[in-house]
Protein chains: 2
Amino acid sequence: MEENNFIELAKKAKYASKKAASLSTELKNAALLNIAKNLKENSDKIFEANKKDLSEAQILIDKGELKQSVFNRLKLDENKMRDMIQGIIDISNLEDPVGKTLLKRQLDDGLILSKISCPIGVLGIIFEARPDVISQISALAIKSSNAVILKGGKESVNTNKEIMRVIQEALDKTEGFPKNILTQVFSRDDVKYMLSQDKYIDLIIPRGGNSLVKFIKENTKIPVLGHADGICHIFVDESADIDKAKRIVIDAKTQYPSACNAVETLLIHQNFPNKEELLASLKNAGVELIFTPESWHVEYSDKILAVKEVSSLEEAIEHINEFSSGHTEAIITEDLKNAKIFMNAVDSAGVYHNVSTRFADGFRYGFGAEVGISTNKTHARGPVGLEGLTIYKYNIEGNGDIVKDYVDGLKKFNHRNLG
Amino acid sequence: MEENNFIELAKKAKYASKKAASLSTELKNAALLNIAKNLKENSDKIFEANKKDLSEAQILIDKGELKQSVFNRLKLDENKMRDMIQGIIDISNLEDPVGKTLLKRQLDDGLILSKISCPIGVLGIIFEARPDVISQISALAIKSSNAVILKGGKESVNTNKEIMRVIQEALDKTEGFPKNILTQVFSRDDVKYMLSQDKYIDLIIPRGGNSLVKFIKENTKIPVLGHADGICHIFVDESADIDKAKRIVIDAKTQYPSACNAVETLLIHQNFPNKEELLASLKNAGVELIFTPESWHVEYSDKILAVKEVSSLEEAIEHINEFSSGHTEAIITEDLKNAKIFMNAVDSAGVYHNVSTRFADGFRYGFGAEVGISTNKTHARGPVGLEGLTIYKYNIEGNGDIVKDYVDGLKKFNHRNLG
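Basis of the calculations
- Within every chain, residues take consecutive numbers counted from 1 along the sequence as written.
- Going through the entries in the order they are written, you letter the chains from A and number the ligands from 1.
- For this predicted model, a pLDDT threshold of at least 70 governs which residues receive local features, and a threshold of 80 or more governs which side-chain atom pairs are given and counted, while totals over whole chains, interfaces and linings are taken from all residues.
- As a rule here, side-chain values come from all non-hydrogen atoms in the structure, and water together with hydrogens is ignored.
- The helix and strand labels rest on DSSP assignments: H or I over at least four residues marks a helix, E over at least two residues marks a strand, and numbering proceeds from the N terminus.
- Each residue is placed in one exposure class: buried if its accessible area under a 1.4 Å probe, protein chains only, is under 20% of its type's maximum, exposed if it is over 50%, and partly exposed if it falls in between.
- Contacts were defined at the residue level, with two residues in contact if any of their heavy atoms lie within 4.5 Å.
- Here the Shrake-Rupley method, with its probe set to 1.4 Å, supplies the accessible areas, and only the displayed protein chains count as covering residues.
- Charged-residue counts in this description rest on Lys and Arg as positive and Asp and Glu as negative, His and the chain ends being excluded.
- Where a charge lies is defined by one atom per residue type: Lys uses NZ, Arg uses CZ, Asp uses CG and Glu uses CD.
- Each of two parts loses accessible area, computed with a 1.4 Å probe, when they are put together; buried area is these two losses added.
- A pair is scored as a salt bridge if a Lys or Arg side-chain nitrogen falls within 4 Å of a carboxyl oxygen belonging to Asp or Glu.
- Here the term charged refers only to Asp, Glu, Lys and Arg, the term nonpolar to Ala, Val, Leu, Ile, Met, Phe, Trp, Tyr, Cys and Pro, and the term polar to all other amino acids, Gly among them.
- The pairing criterion is simple: DSSP has to find at least two bridges between the two strands.
- The length a helix should cover is 1.5 Å for every residue beyond the first.

A. Up close: the overall build of chain A. Regarding its fold elements, chain A presents 14 helices and 16 strands. For chain A, the spread of C-alpha atoms along the three principal axes comes to 70 × 70 × 35 Å. Burial analysis of chain A (419 residues in total) assigns 61% to the buried set. Long-range pairs, those at least 24 residues apart, make up 72% of the contacts in chain A between residues at least 6 apart in sequence. Carbon and sulfur atoms make up 48% of the accessible area of chain A, which totals about 17100 Å². Side chains of chain A carry 55 positive and 60 negative charges; the gap between the two charge centres is 5 Å.

What follows is the structure, given as structure tokens:
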């Protein structure tokens, strides 16, 4: 696409986003159910498109130009399709995040301030090989009244196109649903244009590996919601229960080692009496242990764990605040006072006590759907659900009220929260 | 300052911010009251430093190199000093924005998720000639447990240095208060380094004119909280009450024309019967009216008002969503349905009904203190109080809980909000 064309497209998305802001919950849910239905009815066509992508991927894998893991993520089967469709139905059942009254306050008699949740505007989504992301993100955008420009991985281009065609067809059939809420783009240049259109795009959400997220964060002034690294820590305190420690550390390292919320560094208090038993249990579980300082910076995403002995709770906190990527950390301790200090002083999106770091997840938190996990320090942090796709506006209702009356002392504010 | 030294300073601020996160409300308030006391006791020294700045400014004004308005903003008198000190005492009386439980949810029996408000980290504040900003921002940062690096205008350098010395002296006297929470830098190079240190600085807040804010937004990847333009609109609907219309538009344009929430464009419905009366009243109030399309883009900050006739509510909404800077807009109408459509469809931080746009202000909203007004679409929008200087973290308390049990189906989540 030429840059001018992209700008035109982004402008249309912005315009559509203003229309989307006023959509009723009923219309949005009707659109979602139409999408679910149309995906079901067109599954065969989507599988066909997916086969095309798979056979092209296989050629690249045979040449050694693509990893086998990409093939697996790319592949849509009946199960994934069913999950995809159910995911959309689930989102239709979630509470509408738009139009909620977050604050209602009387400023003076008959002068009422309301803080109302509203959509952000235009989301730019850049994702890698998993084509099921398209329907999930589209559904989240629709439910939160945002417009979205999607750029998928080139490996899944046929599948993405077909899924988007089916989604658009469903939206066209939904009477009253505005045009241009969803747009798909395809080229590397489009990504470049997207990252530069801070006039029309309000938030970028990357879904993919570290290098994708890092590249995006370094190349845009648009706010980016996500996380690059997931260097999570577990601190086993002096008073930790050895059985809990074993259960939790093994779960956090081995249950799904490539997850961003898997533990990467284990800190052990020097006075913890069962250190050897803990390390032996990890080795038995197939975990390789590394004891060098270089390992403190590494996200292994594998059954490899950095281990460091610390002399105090304070040293553990300082180590984490220095080396963590701000994702999720846990303390294992029977000392409630230490747990409280740790949870207060550690500056990460998730800080847990006697729990596996693997719980950091929107579904496990009960958010119903997840856009991703953010390590940002502004807007949204941790697992982000529909709420993270909203902001708010302030409404005031009055009856001819002017500021001069208050500046001149004729009237006085009597701030009082209502409802 | 050399860039290396700035980085060292930013690193120390980051470290300090982690300490600040755990400060008790009592200690923070004690620090604030110590600052207020010390400012009172050192007023004379501050006035002396201010005189130095004023006489240097006067030389530049005589040479025509500085505007008289800068002199006025620069000048500290007894009144401003009293307000400054009272402002700090007021902030000590506000609710602590840190450590609030925003959500408490049972994920499963004995597995409790809490969403707790916490500070953002390190704020970079860049402000122009008003030296009273230093104490205000320092107080807001302390109350919200953030560290801050301040860069003031060069015209007020002596005043800023003396105020900061007095503040630091008060903090040094406050037992247990960590070092390096507040740092001041002075050069243009320091601004450049500040904008590039996204590793250590979490949020930039510019306080100053449009060109300062625009420059900053264009030259950093750190989130910026603020607004460049304030192109506010009032739409006078067909059914508007002429008396309310006159009161509100005159207030919004003339009560303080250089304020960012002053109206800049007046849209009038073509069927509004009292158009001539409204325009005549504006002229009587000394307002110059402009009827050219070029004026729709301009923030006059003066008694000048763009006027446009529109044929419908929809045209008014579309005009605003295209030309507004997203700050504050109002509709004047006796038609509640139209008011509702307008407030829903207009995408600005403040959208009012029968009220002057000049109400867009943190004190008027009852926030007690204001960092500034944001036109961002993420994090914080509209007048930003202490809450805008916080984010949150998720805590989970458990008892050896692991994800494997849930993946294997041995356990099931029973999400339920508590308290």
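B. Structural view of the interface of chain B and chain A. Contacts between the two partners involve 76 residues from chain B and, on the opposite side, 76 residues from chain A. Both sides together, the interface formed by chain B and chain A hides about 6500 Å², and carbon and sulfur atoms give 52% of it. Linking chain B with chain A are eight salt bridges, by the criterion used here. A salt bridge links Glu387 of chain B to Lys115 of chain A, with the nearest nitrogen and oxygen atoms 3.6 Å apart. Of the residues in the side of chain B that touches chain A, the class split is 33 nonpolar, 20 polar and 23 charged. Inspection of the sheet shows strand E15 (residues 390-401) of chain A paired to strand E12 (residues 350-355) of chain B by five bridges, in the parallel sense. For Glu397 of chain A, the partnering residue across the bridge sits in E12 of chain B and is His353 of chain B.

C. Structural view of helix H10 (residues 242-254) of chain A. Taking 1.5 Å as the rise per residue, H10 of chain A with 13 residues should run 18 Å; its terminal C-alpha atoms sit 18 Å apart, in good agreement. For H10 of chain A, every residue scored as buried is listed here: Ile242, Lys244, Ala245, Ile248, Val249, Asp251, Ala252, Lys253 and Thr254 of chain A.

Function cannot be inferred from these measures alone, as they are strictly geometric.
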